[in-house]
Every structure is written in structure tokens, then in C-alpha cells.
Amino acid sequence: MKVLVIGGGAREHALCRALSLDPDVTSLHCAPGNAGIAELAEQHPVDVLDGGAVADLAARLAADLVVVGPEAPLVAGVADAVRARGIPCFGPSREAARLEGSKAFAKDVMAAAGVPTARSYVCTTREEIDRALDAFGAPYVVKDDGLAAGKGVVVTEDPATAREHALACDRVVIEEFLDGPEVSLFAITDGTTVLPLQPAQDFKRAYDADQGPNTGGMGAYSPLPWADAKLVDEVMSTVLQPTVDELRRRGTPFAGLLYAGLAITSRGVRVIEFNARFGDPETQVVLARLKTPLASVLLNAATGRLDEEPPLRWSDGAAVTVVIASHNYPATPRTGDPIEGLEAVPSNDPHTYVLHAGTKCDAEGRVVSAGGRVLSVTATGTDLAKARERAYAGVDLIHLDGSHHRRDIAKAAAEG
């Protein structure tokens, strides 16, 4: 199978790594890729938001499968353009991707499907914003209706901060605060059959002890030893399957990766948000534990044959990933700094490896930072404690001037 992956972050590096380990994958390509992906796949320059350009590239490569990683190309309709050329594509249509592209649309789908979520108001005027903030009170949860690279949500006790964020958005969703720990659960679907993956937990705040601003994610771990053994079955029956069924009923079937961000509240499981693609950094730990070869699963989802897929196989161990971020992230990050120590973490180490996100090679051939989240150091182990130990040992081998990372990823879960 010849596979083309679209994107250039750590999520796409994790996808490329998993696909490169699949014996059915004979040729692997990525567009545009990054400095780490270059070791696994042939890279191609492309505007990932240009469906025609992506489809042209896929046709030129005679790809058997295209996997669209990021949300922006999906919302832009890139998967539709690829499928219009007769090429199987893993990723929802433009219409179905509105589940992530519009928080208001997602709330409408959940209401129709009976999916449990936070009460909310959709606001477009100052008056509506003030009424919604007053209705819910602190802590205030304010979400940009559109795509914001994981940073469009503000959770604050300060009404002025909440109002400022709301007014900066064209359209905003203000909702009640959901208490309890958060869980990410991915499911692969062909629009009818839904195949859940293993749950993970990510860490959104920039600094230890959940301090600092929201980010795209500073680390993750899987499995969740504290979670109810019936959690996946419950989410399947109350969230994932009803959502997929509702979108199919509307004539916009969702085929691809459905990501449910969940809060385990005192009143039960509630959906915080949906995403229309693999999450970053959760993908890094979920795929690290997946033993089933990935390519056939994605192809079966892309071609409506997921019911033919046998149950997924998982390792009994654990995985932890720690994000190394640029100076000043999540504000405007500093880029162009050389990354030292990468060679100390061998790419062929099965237990500890580096997945690149915001990296590139400069004119001198050095790997330098090129974004906010630069690297994800990922490790596996027999349990979370061992996986943490390996991940942080890998982090400590790498030097990026001015960078920062959290030291508490999976710490509470590992200590039980």
C-alpha cells in the first residue's frame, strides 16, 4: 500500500511512525512533513489547505490511501477533493468536519442525538455575552466558535477576562463549567461502524500543576488506571455511536477519526468538545500502545468496510509523551533555535523516541525550532511509572535554548 499523510506536526510524525511499522505499507509519503518525518517518509511541498493541490499530489503518487492529519484542511474540504479523484481518504468531509469547525454546530448535533454535554449559549453581541456570563457565573467557560488550534478556549474566574475573550471572537459559545477529570477518547468510523481506541488524558495548561494559559497540549498518557472499566462502553453507547448516527441521518456521514473530549463529572460523562481528527499529543501515546497494523484499519474506514475489521489489539503497558515547547509558547514563540541532543535518543529505540512537531532543517543542515510545540518525547513501559521515567530521561538529553516543558505529566496517575 502506498500512503500519503497530510500535515507536519507531531501527530503526523506519530501516524507516519505507526504506518512505517506496518508491513503492508510499501511506500510512505508526507506533505509537507518536518525534520523528523523526513527519516520515515518522502516529503513533498504542498499547501495543505488547497484541496486541488493535495488531490493532484495524491494522483501523481498513485496513492492507495490519503490520511489528512490536521483539522484546518478537513474543514477546508481537502478530503472531499481527494475522494472526488477516486482516491480513498481517511478524514471527514467538509460538512461533517463542522463538528470541530463550529462549536455551535456541534452543540446542535449533540442536542439532536441526545448526547450529554454542558448547557450553553451561542452569542454574537455584547448583550448576549453579558447575559450568558451572568447566567452561568464563575468559573467562566468561553469558546471561540471556529478553529483556534486548541487555544480558543478560556476558563477563568475573572469576568473581565472572559468578556474580553468573548468580544474578540466573531461568534462565541459560553457554557457551564464541567467539574471532574478530563478524558480524550478517539474512535475510527466509516460513518456507520464505530471502533473506539484506548482512552488518554492530555494536559492543556502550559505549566506544572495546571498553571498558566491554555495550550494545544503539553503532554499525555495512556491508559488511565483511575478510569472506570466500563468508560469506553458507556461513551460508545451515549456519545460516539449516537453522534455518528445523527450525522448519517442528516445526510452528512462522518467517516474518519471522531475525537470526544470528555469530562467525568459528578453527574456522569459529559462532552466538552468534538474534534474531527486525531488529537495532539494524545495520538502519540495511543498509537504507541496499538499493536494492530494501522494502514488496513484506516483504509477500511475510508472505504466503508470497517465492519470487516477484527477487534483492535493493544499492548498491556503504558505510554507517556512530554512536549518540549519554544520560548514564550503559547504566546508568539521564538523560532530558529538549534535543537541539540537529538542523536542521543535513537530513532530506532522501541521504548523512547522523539516525534517532531515544529522543526525544520536550516541552511546548514541543523535541526532548528520552527513552531510553538517543537518536540514530543514519547516512551513506553510496563506501567506509567516506567514510561514516565523513560520519557523524562529522553527530555533531559535534549537542549533547546529558552524552551519549557511540564515535569508532572502522568505523575499523579503513576503514583496512584
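All of the points below concern the structure found in this document. Keep in mind that what you see is a predicted model, and the values were worked out from it rather than measured.

Secondary structure summary: the protein chain contains 13 helices and 24 strands in total. Taken over C-alpha atoms, the radius of gyration comes to 20 Å for the protein chain, in line with the 22 Å a tight globule of 416 residues would show. Dimensions of the protein chain, computed from the C-alpha atoms along their principal axes, are close to 55 × 45 × 40 Å. Classification of the 416 residues of the protein chain by burial places 57% in the buried group.

Where helix H1 (residues 10-20) meets helix H10 (residues 282-289), the axes come as close as 8 Å, and the angle between the chain directions of the two elements is 15 degrees. As far as their axial angle goes, H10 and H1 are roughly parallel. The interaxial crossing formed by H1 with H10 has left-handed handedness. Contact residues: Ala-10, Arg-11, Ala-14, Leu-15 and Ala-18 in H1; Thr-283, Gln-284 and Leu-287 in H10. When the residues that make up the contact of H1 with H10 are grouped by side-chain class, the tally is 5 nonpolar, 2 polar and 1 charged.

This next bit is on the sheet that holds strand S1 (residues 2-7). Spatially, 5 strands are ordered S3-S2-S1-S4-S5 in an open sheet, and the strand pairing comes out parallel. The open sheet is flanked by strand S3 (42-43) and strand S5 (89-90), the only strands paired with a single partner. Judged from the 2 bridges that link them, strand S4 (residues 65-68) and S5 form a sheet pairing that is parallel. Residue pairing in the sheet places Val-66 in a bridge with Cys-89 of S5. Across the sheet, helix H11 (residues 294-302) lies against S4 and S5, angled at about 90 degrees from S4, the strand it touches most.

Summed over the entire model, instances satisfying the criterion amount to 28 salt bridges. Of the charged contacts, one joins Glu-95 and Arg-98 as a salt bridge, the two residues approaching to 3.7 Å between their closest N and O atoms. Residue Arg-98 is classed as partly exposed on the basis of its relative accessible area, which comes to 36%. A salt bridge links Arg-248 to Asp-245; the nearest nitrogen and oxygen atoms lie 3.2 Å apart. One end of the pair is Arg-248 and the other is Asp-245, both in helix H9 (residues 231-249) and 3 residues apart, which spans about a single turn. Look at the salt bridges and you will find they share partners, linking Arg-11, Glu-12, Glu-71, Glu-100 and Arg-277 into a network.

This part covers the packing of helix H6 (residues 103-113) against H9. Here H6 crosses H9 at 100 degrees, and the two axes come no closer than 9 Å. Regarding the angle of H6 to H9, the classification is roughly perpendicular. Across the interface between the two elements, Phe-105, Val-109, Ala-112 and Ala-113 of H6 pack against Pro-242, Thr-243, Glu-246 and Leu-247 of H9. Residues belonging to the contact of H6 with H9 are distributed by class as follows: 6 nonpolar, 1 polar and 1 charged.

Calculation rules
- Each chain has its residues counted from 1, following the order in which its sequence is written.
- Two thresholds apply to this predicted model, a pLDDT of at least 70 for residue-level local features and 80 or more for giving and counting side-chain atom pairs, whereas whole-chain, interface and lining totals are computed over all residues.
- The side-chain quantities take in all heavy atoms of the structure and omit both hydrogens and water.
- Secondary structure elements follow DSSP: runs of H or I no shorter than four residues count as helices, runs of E no shorter than two count as strands, and numbering proceeds from the N terminus.
- Values of the radius of gyration come from C-alpha atoms, whereas the globule rule sets the reference at 2.2 Å times the count of residues to the power 0.38.
- Only protein chains enter the accessibility calculation, which uses a 1.4 Å probe; a residue is then buried when its area is under 20% of its type maximum, exposed when over 50%, and partly exposed in between.
- For helices, the axis comes from a line fit to the C-alpha atoms of the stretch in contact; other axes are also lines fit to C-alpha atoms, and the angle between any two N-to-C directions lies between 0 and 180 degrees.
- Each angle is binned into one of four classes, with values under 35 degrees roughly parallel, values over 145 roughly antiparallel, values of 65 to 115 roughly perpendicular, and all other values oblique.
- Crossing handedness: left-handed means the near helix sits turned counterclockwise from the far one by under a right angle, and right-handed means the same turn made clockwise.
- Two residues form a contact once any of their heavy atoms are found within 4.5 Å.
- The nonpolar class holds Ala, Val, Leu, Ile, Met, Phe, Trp, Tyr, Cys and Pro. Asp, Glu, Lys and Arg form the charged class, and all remaining residues, Gly among them, are polar.
- Between any two strands, pairing holds if DSSP finds at least two bridges.
- Any carboxyl oxygen of Asp or Glu within 4 Å of a side-chain nitrogen of Lys or Arg constitutes a salt bridge here.

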